[in-house]
Amino acid sequence: ALFGLDTLKGKGTRAQGFYLALAGLAVTALLVTGAGLNSPVIYGRGMLVADGLSFLLTWIALATSFFVVLLSEKYRSFEGLSLSVYYGLLLLSATGLILVVSANDFLMIFLSIELVGIPAFILTGYLRHVEKSSEAAIKFFLIGAFSSAMLAYGISILYGLTGSTSLTVLQAGAQLLEDHASLALVA
């Protein structure tokens with residue numbers, strides 16, 4: 001909805017984007033309230049787990065995103081810009097943060113980190129008229145691409161050793177990793 005709102009040309013679209021972003025964060029906060037506090041809940045075919053730690057970190061991610069949205073509305077460099085896309089990208093990054101703190105599988109970790117990183121690359125270069133913003137976005141993208149490649153390589157080595165990308169299986173196969181300590185260290 002935030003990305004579609006940016007296509008509308010009107011005076012109220014900036015305020016609508018602001019309130020829509022806050023509403024999205026509020027709805028997300030209501031949906032995650034109390035999930036996994038009593039006992040861990042595994043879902044998504046074992047790729048995600050809701051427990052006390054993921055619940056706490058999800059709330060931190062939501063609170064941080066909420067304050068970033070509030071602070072962004074009055075930021076001087078954003079004057080005259082439509083911020084609906086900015087808020088949409090911010091919420092995509094928050095979704096990635098929520099998924100990464102709940103991840104129980106290397107594939108979910110990798111996808112979640114990418115869901116945080118790709119919108120962050122765009123957000124870094126959001127102020128196109130500022131040269132430092134564009135420069136920072138290019139540098140951030142190059143570092144992020146290199147880091148993602150290294151992460152994928154390490155995950156592939158661990159998959160080759162254990163035959164699974166699940167963190168639970170990796171924990172159970174700790175002896176197997178000890179037998180191949182040098183390769184596990186490379187991973």
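Residues numbered from 1 in each chain as written. Predicted model: local features only at pLDDT ≥ 70, side-chain atom pairs only at ≥ 80, totals over all residues. Heavy atoms only, no water.

Chemist: Honestly, the environment of alanine 181 in this entry has me stumped. Any pointers?
Modeler: Within the secondary structure layout, alanine 181 lies in helix α9 (residues 181–186). On the basis of relative accessible area, alanine 181 is assigned to the partly exposed category, the value being 45%. C-alpha separation for the pair alanine 181 and valine 101, spaced 80 residues apart in sequence, amounts to 27 Å. (Helix = DSSP H or I, 4+ residues; strand = E, 2+ residues; numbered from the N terminus. Buried < 20%, exposed > 50% of the residue type's maximum accessible area, 1.4 Å probe, protein only.)

Chemist: Sorry if this is basic, but what is going on with the environment of serine 102 here?
Modeler: You can see serine 102 is positioned in helix α4 (residues 84–102). The sequence separation of serine 102 and tyrosine 43 amounts to 59 residues, and the corresponding C-alpha distance is 9.9 Å. Each residue touching serine 102, except ones within four places of it in the same chain, is listed here: Tyr43, Met47, Leu48, Val49, Ser54 and Thr58. (Contact = heavy atoms within 4.5 Å.)

Chemist: Would you explain a nonpolar patch on the surface in this entry?
Modeler: Nonpolar side chains collect at one region of the surface, where Leu53, Leu56, Leu57 and Ile60 lie side by side and expose about 360 Å² of accessible area between them. On the secondary structure map, leucine 56 appears in helix α3 (residues 52–73). With relative accessibility at 48%, the residue leucine 56 sits in the partly exposed group. (Patch = residues over 30% accessible without salt bridge, like charges linked within 9 Å, V, L, I, M, F, W, Y side chains within 5 Å. Areas by Shrake-Rupley, 256 points an atom, 1.4 Å probe, with all protein chains shown as cover. Salt bridge = Lys/Arg side-chain N within 4 Å of Asp/Glu carboxyl O.)

Chemist: Please explain the packing of aromatic side chains as it appears in this structure.
Modeler: The relation between two aromatic rings is expressed through the spacing of the ring centres and the mutual angle of the planes. This model, assessed by the stated rule, comprises eight aromatic pairs. Taking the centre distance of 5.8 Å and the plane angle of 75° together, the rings of phenylalanine 66 and phenylalanine 67 count as edge-to-face. Classification of phenylalanine 66 as partly exposed rests on a relative accessible area of 32%. Seen from their ring centres, phenylalanine 121 and phenylalanine 140 are 4.8 Å apart, and the 85° between their planes marks the pair as edge-to-face. With phenylalanine 121 in helix α5 (residues 106–124) and phenylalanine 140 in helix α6 (residues 131–162), this pair connects stretches of sequence that are 19 residues apart. (Phe/Tyr/Trp six-rings, centres within 6.5 Å; stacked < 30°, edge-to-face > 60°.)

Chemist: Help me understand unusual backbone geometry, please; the structure alone is not making it clear to me.
Modeler: Most peptide bonds adopt trans geometry, and most residues besides glycine take a negative phi value. The backbone of arginine 45 sits at a positive phi, close to 55°, despite the residue not being glycine. Within the secondary structure, arginine 45 sits in the loop between β1 (41–43) and β2 (48–50). Judged by its relative accessible area of 87%, arginine 45 falls in the exposed class.

Chemist: What exactly am I supposed to notice about α6 here?
Modeler: Helix length check: α6 (32 residues) gives 47 Å between terminal C-alpha atoms against 46 Å at 1.5 Å per residue, within 8%. Looking at the residues trailing α6, positive phi occurs at glycine 163, about 80°. (Expected span 1.5 Å × (residues − 1).)

Chemist: What am I meant to see in the packing of α4 against α5 here?
Modeler: The angle between the axes and the distance between the axes are what describe a pair of packed helices. In the contact formed by α4 and α5, the axes pass within 8 Å of each other and the chain directions differ by 160°. Comparing the axis directions of α4 and α5 gives the class roughly antiparallel. In the packing of α4 onto α5, the handedness of the crossing is left-handed. Contact residues: Tyr86, Leu89, Leu90, Leu92, Ser93, Thr95, Gly96, Leu97, Leu99 and Val100 in α4; Met108, Ile109, Ser112, Ile113, Leu115, Val116, Pro119, Ala120, Ile122 and Leu123 in α5. (Axes fitted to C-alpha atoms, helices over the stretch in contact; angles between N-to-C directions. Parallel < 35°, antiparallel > 145°, perpendicular 65-115°, else oblique. Left-handed = near helix turned anticlockwise from the far one by under 90°.)

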